[in-house]
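# Reading the structure
As a plain string of letters, each chain reads:
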Amino acid sequence: MAIQQLAQPAVSSCQWTAQYSVNVARLDDQHKKLFEILGSLQQAMMARKGTDVISSIVSELANYTKTHFACEEGYLRMYGYPELEAHKKEHEIFVEKIRQFQNDLAKGQVTLSLNVFRFLVDWLKNHILGTDKKYVPFLQAKGVR
Ligand code: FEO
């Protein structure tokens, strides 16, 4: 038991910190909300909640993710961001990943594994720190705050 626990890679924290800021208040607030939802998911998993609770949080994550992506893409479209299409493709892959996962949950085929959870958290962090951060100087130059 102790060996298994030691062998488990730690789940990274679901906390938004200033390093994730994209310097646009509305988008930062949305990113914070995504971290919050993932934090709820983590708590539900740790408390070994049932599939109904997990599914409901994953639905909230799916819906809010779409809301955020649409808003962010709206900013990038409005100001003519040259890398919008590549950015949108990354968003689509994540939305599809959550959708597949929701389908599996609905069919009772999977429980939310630590690996899936880790994927969601790592994807969000890497996406914000990599792809989202790329638009920061662009939007700043357009005067977006
Ligand atoms: Fe903040 Fe590109 O998602």
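See above for the structure.
Quick look at the structure, then. (Residues numbered from 1 in each chain as written. Predicted model: local features only at pLDDT ≥ 70, side-chain atom pairs only at ≥ 80, totals over all residues. Heavy atoms only, no water.)

Within the protein, the secondary structure is distributed over five helices and zero strands. When its helices and strands are written in sequence order, the protein yields α-α-α-α-α. A burial count over the protein gives 40% of its 145 residues as buried. Counting only contacts in the protein whose residues sit at least 6 apart along the sequence, the fraction spanning at least 24 positions is 75%. Accessible surface, the protein as shown: approximately 8,300 Å² in total, 53% of it carbon and sulfur. (Helix = DSSP H or I, 4+ residues; strand = E, 2+ residues; numbered from the N terminus. Buried < 20%, exposed > 50% of the residue type's maximum accessible area, 1.4 Å probe, protein only. Contact = heavy atoms within 4.5 Å. Areas by Shrake-Rupley, 256 points an atom, 1.4 Å probe, with all protein chains shown as cover.)

Glancing now at the pattern of salt bridges. Scanning the model with the defined rule gives five salt bridges in all. Between K134 and E83 there is a salt bridge, and its shortest N-O distance comes to 3.7 Å. Separated by 51 residues along the polypeptide, K134 in helix α5 (residues 114–141) and E83 in the loop between α3 (51–78) and α4 (84–106) bring together distant segments of the chain. For E83, a relative accessible area of 38% translates into the label partly exposed. (Salt bridge = Lys/Arg side-chain N within 4 Å of Asp/Glu carboxyl O.)

Next up on the list: the packing of aromatic side chains. In this description, an aromatic ring pair is defined by two values, namely the gap between the centres and the angle between the planes. Scanning the entire structure with this criterion turns up six aromatic pairs. Ring centres 6.4 Å apart and planes at 90 degrees place the aromatic pair Y81 and Y135 in the edge-to-face group. Taken as a pair, Y81 in the loop between α3 and α4 and Y135 in helix α5 lie far apart in primary sequence, 54 residues in all. An aromatic cluster of three or more residues is present, and its members are F69, F94 and W123. Looking at K32, its charged tip hangs above the ring of W16, at a distance of 4.5 Å from the centre. Across the ring face of F119, the terminal group of K97 is positioned such that the distance to the ring centre comes to 4.7 Å. (Phe/Tyr/Trp six-rings, centres within 6.5 Å; stacked < 30°, edge-to-face > 60°. Lys NZ or Arg CZ within 6 Å of the ring centre and 35° of its normal.)

Contact geometry for α4 and α5: axes closest at 11 Å, N-to-C directions at 165 degrees. Considering their axes alone, α4 and α5 lie roughly antiparallel with respect to each other. Our pair here, α4 against α5, has a crossing hand that is left-handed. Of the residues in α5, those in contact with H87, E90, H91, F94, K97, I98 and F101 of α4 are V116, F119, L120, W123, H127, T131, D132 and Y135. (Axes fitted to C-alpha atoms, helices over the stretch in contact; angles between N-to-C directions. Parallel < 35°, antiparallel > 145°, perpendicular 65-115°, else oblique. Left-handed = near helix turned anticlockwise from the far one by under 90°.)

Let's shift gears to unusual backbone geometry. With glycine set apart, most residues show a phi of negative sign, and most peptide bonds adopt trans. Although it is not a glycine, N23 sits at a positive phi angle of roughly 65 degrees. Take N23: it is sitting in the loop between α1 (2–7) and α2 (25–46). Exposure remark for N23: the relative accessible area of 36% places this residue in the partly exposed category.

As a further point, take the packing of α3 against α5. The interhelical angle for the contact between α3 and α5, taken along N-to-C directions, is 15 degrees, at an axis separation of 12 Å. Comparing their axes, α5 and α3 come out roughly parallel. Regarding α3 and α5, the two cross each other, and that crossing is left-handed. Touching L61, H68, F69, E72, Y75 and L76 of α3 are L120, W123, H127, D132, Y135 and L139, all from α5. Of the residues that constitute the contact of α3 with α5, the class distribution is eight nonpolar, two polar and two charged. (Nonpolar A, V, L, I, M, F, W, Y, C, P; charged D, E, K, R; others polar.)

Note that every value here comes from positions in space, so none of it alone points to a role or purpose.
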